[in-house]
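# Structural features, examined
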Amino acid sequence: MASRDLAESLLPGGGGGGGASSSHDEYEERAYDSDDKVSISISDSEPDDVGEPGAARPRPTFSWRKLWRFTGPGFLMCIGFLDPGNLEGDLQAGAAAGYQLLWLLLWATVMGALVQLLSARLGVVTGKHLAELCREEYPPWATRALWVMTELALVGADIQEVIGSAIAIKILSGGIVPLWGGVVITAFDCFIFLFLENYGVRKLEAFFGVLIATMAISFAIMFGETKPSGKELLIGLVVPKLSSKTIKQAVGIVGCIIMPHNVFLHSALVQSRKIDTKKKSRVQEAVYYYNIESILALIVSFFINICVTTVFAKGFYGSDKADNIGLENAGQYLQEKYGTALFPVLYIWAIGLLASGQSSTITGTYAGQFVMGGFLNLRLKKWLRAVITRSFAIIPTMIVALFFDTEDPTMDVLNESLNVLQSIQIPFALIPLITLVSSEQLMGSFVVGPITKVISWIVTIFLMLINGYLILSFYTNEVRGAVVRSSLCVVLAVYLAFIIYLILRNTTLYSRLRSSVSKSS
C-alpha cells in the first residue's frame, strides 16, 4: 500500500485520491496539460468551418497579433541550431576554409528548416508529438530501440552543451571556477527551467528569447569589431566551393545543423497553444503561423552562425592557429588578434558561449522529457522527469570534466566521437517523421504533397550519406584493434538493418515479405 501511495505521488496531480479507473487515462503522457496551453483568441468575424467538409477554404487573414501569440516554439527550436557544438563547427569552418563554406551553411539551414516545418506540421495536425506517434506506430521492440537511439543523441549533445557552458564560466571567472565547477553550476539550470515553467509557457519562452538576444548581440559586436569582408561574405554565400582539405569542416557544418532531438522537440512545442484540431481552419491557421514563426527564428540563428564563421574566417584563415582553434582557446585567440575595442573580445565571446550553452542545455532537458514520456508513456511529475533527464547527461559530463583537459588532443577525439554519435541517430528521427507526415490516414488533407515528400527523402538520403562518411572516417582514423573493429562491423550491420526496416515498413514490398514469411512458417 505504501509503494502504491509513493507511485501515485509521482504522477501528475498524484496524491489527491479519487480512485476512478478512468483517472489514469487523464494522466496519459501529453506534451502539455490543457491548463498550461496558451490561448489563441479568435474573433467572431473570422470564418469557421462551414460548407462541404472537403471544400477548400481561404488562407487565414494575416494578423501580427496572432503571429505574436504563436511566437515562441520556433525560437526554442532554433536554439538547436546555436548550441556550442554548432558554434565550434562554425569557428573551425571559418578558420580552416575562410568564407568558402558559407553557401553550405545556408543550404544546411534550409534543409534544417524543411525538417522542422514538417515536425511542426505533424504536431499541429495530429495533436501528438513525434515520440508519442512512434510509440503508436511501431511495435514495442522498435519503439524501445528508437527511444535508446534518441537518448544517446541527447546525451551526446548535452555533454557538448554542458562543457560549452562550463568553458564560458571558466573564462568569465578568470579561471577561478574549474571545468567541473562549471558543470555543477550548469547542472542546476534544470531548476531554473522548472521554476520558470511554473509561471507559464510564455514566461519560459521570454527567458529563451533573452538568451537568444544575448547571443545575437554578443556575436554581432564581435562581427562589428573584427570587420569581416562583406564582399567575400556575399561571394561565399552565392558561389559553392569545396576542396579536399575542407571536407571535414563541411561535413561538420551539415551534421551539426540537424539534431535528432530537435525534431522531436519541435513537434511537442507547437502543442503549447490551444488549437481545435477538429476544425480544419484552425489547424490551417496554426500551420500557417508556425511556418512564419519558425522561418523567422531560423533567420536569426543563421545570422548568428554567419557572424561566428566570418569572424574566425577574417582572423585565422590561412594562419598557423587555424588547425588548433576550439571552444576554450577561441576567445583567447580573438583577444590576442583583436585586443580590446569597446569591450574585451574574450568576454564578449564567453558571454555568447554561455548564453548558447545555457539555452541549449535547458531545451535539451525539455526535449528529454518529451522523448522519455512519449516513447515510454511515463506518467511522472515534470520535476521528476527533469531530474532523470538531467542525470543522463550530467553524470557522463562530470566524468569528462574530471578526466579530460579541454586543451588536450583527446578532447578533440571525444568531440569528434560525440558528433558521430549524434549524426548516426539522424535517420531514426527523419525516417519516422517523413513516414508519418506522408500518411494520409494520419494527416488527412494536411498530408504532404509528392514534391515535398520526394525532397524530404532526398535530404534524408543526403544526410545519411554524410553520416556514412563520418562513420567511415572515424572508423579509419580512430578505431584500432581487430576485436574492436569486428565488433563495430556487427553493430553497423544491425544499425543498417534497422534503418532498412524503418524505410520499408509501410511499403508493399514489406507486406509481401511478411506475408510470405508467415505462410512459410
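Residues numbered from 1 in each chain as written. Predicted model: local features only at pLDDT ≥ 70, side-chain atom pairs only at ≥ 80, totals over all residues. Heavy atoms only, no water.

## A word on the overall build of the protein chain
Short version of the rule: Runs of E in the DSSP output that reach at least two residues are strands. Runs of H or I that reach at least four are helices, and both are numbered from the N terminus. Exposure classes here rest on a 1.4 Å probe applied to the protein chains alone. A residue is buried below 20% of its type maximum, exposed above 50%, and partly exposed in between. Contacts: residue pairs with any heavy atoms within 4.5 Å of one another. Using a 1.4 Å probe, the Shrake-Rupley method yields the accessible areas, and only the shown protein chains count as cover for residues.
Counting its regular elements, the protein chain contains 24 helices and 0 strands. Each of the 521 residues in the protein chain was classed as buried or not, and the buried ones make up 51%. Taking as baseline every contact in the protein chain between residues at least 6 positions apart, the subset at least 24 positions apart corresponds to 84%. Of the roughly 23500 Å² that the protein chain leaves accessible, carbon and sulfur atoms contribute 64%.

## Some details on a nonpolar patch on the surface
We apply this condition: For patch detection, residues must exceed 30% relative accessible area and be free of salt bridges, and they are connected within 9 Å for like charges or within 5 Å for nonpolar side chains (Val, Leu, Ile, Met, Phe, Trp, Tyr). We count a salt bridge whenever a side-chain nitrogen from Lys or Arg sits within 4 Å of a carboxyl oxygen from Asp or Glu.
Together, W180, I395, I399, L402 and F403 give the surface a local cluster of nonpolar side chains, amounting to about 590 Å² of exposed area. No other element matches helix α18 (residues 382-403), which puts 4 residues into the nonpolar patch. Tracing the chain through its elements places I399 in helix α18. What makes I399 partly exposed here is its relative accessible area of 47%.

## Comments concerning the packing of helix α7 (residues 130-137) against helix α17 (residues 345-376)
Operational definition: In this description, a line fitted to the C-alpha atoms serves as the axis of each element, helices being fitted only across the stretch in contact, and the angle between N-to-C directions of two axes falls anywhere from 0 to 180 degrees. When describing relative orientation, an angle under 35 degrees is termed roughly parallel and one over 145 degrees roughly antiparallel, while 65 to 115 degrees is termed roughly perpendicular and anything else oblique. Left-handed is the label given to a crossing in which the near helix is rotated counterclockwise from the far helix by less than a right angle, and right-handed is the label when the rotation is clockwise.
The contact between α7 and α17 brings their axes to 7 Å, and the two run at 20 degrees. One finds that α7 runs roughly parallel with respect to α17. Here α7 and α17 pass one another in a crossing that is right-handed. Residues A131, E132, C134 and R135 of α7 lie in contact with α17, whose contacting residues are F370, V371, G373, G374 and F375.

## Some details on the packing of helix α5 (residues 84-97) against α17
Inclusion rule: Gly is placed with the polar residues, together with every amino acid not listed as nonpolar (Ala, Val, Leu, Ile, Met, Phe, Trp, Tyr, Cys and Pro) or charged (Asp, Glu, Lys and Arg).
One can describe the packing of α5 onto α17 by two numbers: an axis separation of 9 Å at closest approach and a directional angle of 140 degrees. Here α17 runs oblique to α5, going by the angle between their axes. Along its contact with α5, which presents P84, L87 and L91, the element α17 presents W349, L353, S356, G357 and S360. When the residues that make up the contact of α5 with α17 are grouped by side-chain class, the tally is 5 nonpolar, 3 polar and no charged.

## Remarks on the pattern of salt bridges
When the charged atoms of two side chains with opposite charge come close together, those side chains can pair. According to the stated counting rule, one finds 6 salt bridges in the structure shown. Linking K66 and E285 is a salt bridge whose minimum nitrogen-to-oxygen distance equals 2.4 Å. Placement of K66 in helix α3 (residues 64-70) and of E285 in helix α15 (residues 280-316) is noted, with a sequence separation of 219 residues between them. Taken as a pair, K66 and E285 share a single burial class, namely buried. Close ionic contact of R505 with E137 constitutes a salt bridge, the shortest N to O distance being 3.3 Å.

## Describing the packing of aromatic side chains
Convention followed: Side-chain rings of Phe, Tyr and Trp (the six-membered ring for Trp) are treated as a pair once their centres are within 6.5 Å; stacked means planes under 30 degrees apart, edge-to-face means over 60, and tilted covers the remaining angles. We call a charge positioned over a ring when the NZ of a Lys or the CZ of an Arg lies within 6 Å of the ring centre and within 35 degrees of the ring normal.
Counted according to the given criterion, the structure contains 17 aromatic pairs. Look at W141 and Y501: their rings are 5.0 Å apart centre to centre, the planes differ by 45 degrees, and that puts the pair in the tilted class. Here Y501 lies in helix α23 (residues 482-504) and W141 lies in helix α8 (residues 140-172), a separation of 360 residues in the sequence. Classification of Y501 by relative accessible area gives buried; the value is 13%. Feature note: the residues F62, W64, F70, Y288, Y289 and Y290 constitute an aromatic cluster, connected by ring pairs. One cation-aromatic arrangement involves R202 over W68; the distance from NZ or CZ to the ring centre is 5.2 Å. Lying over the aromatic face of Y333, K321 brings its terminal NZ or CZ to 4.9 Å of the ring centre.

## Comments concerning helix α20 (residues 427-437)
Within α20, 11 of the 11 residues are buried, leaving the element largely enclosed by the surrounding structure. Buried residues of α20: P427, F428, A429, L430, I431, P432, L433, I434, T435, L436 and V437, and no others.

## Brief notes about the confidence of the model for the protein chain
To keep it simple, the criterion reads: Within a predicted model, pLDDT stands for the predictor's per-residue confidence, ranging from 0 to 100.
Per-residue confidence for the protein chain averages 80 on the pLDDT scale, and 82% of its residues sit at or above 70. Every residue in residues 1-27 scores below 50 in pLDDT, and together they form 23 contacts with partners more than four places removed in sequence or on other chains. Long-range and interchain partners of residues 50-56, a stretch whose pLDDT sits below 50, account for 3 contacts in this model, where long-range means more than four residues apart.

## Structural notes on unusual backbone geometry
Phi at K227 is positive, roughly 55 degrees, even though this residue is not glycine. Tracing the sequence through the fold places K227 in the loop between α11 (201-226) and α12 (230-238). A residue is classified by how much of its surface remains accessible, and K227, at 59% relative accessible area, is exposed.

## Some thoughts on the environment of M464
Positionally, M464 belongs in helix α22 (residues 450-478). On a C-alpha basis, the gap between M464 and I424 in space is 7.8 Å, while along the polypeptide they are 40 residues apart. Residues in contact with M464, not counting those within four places in the same chain, are P427 and I499.

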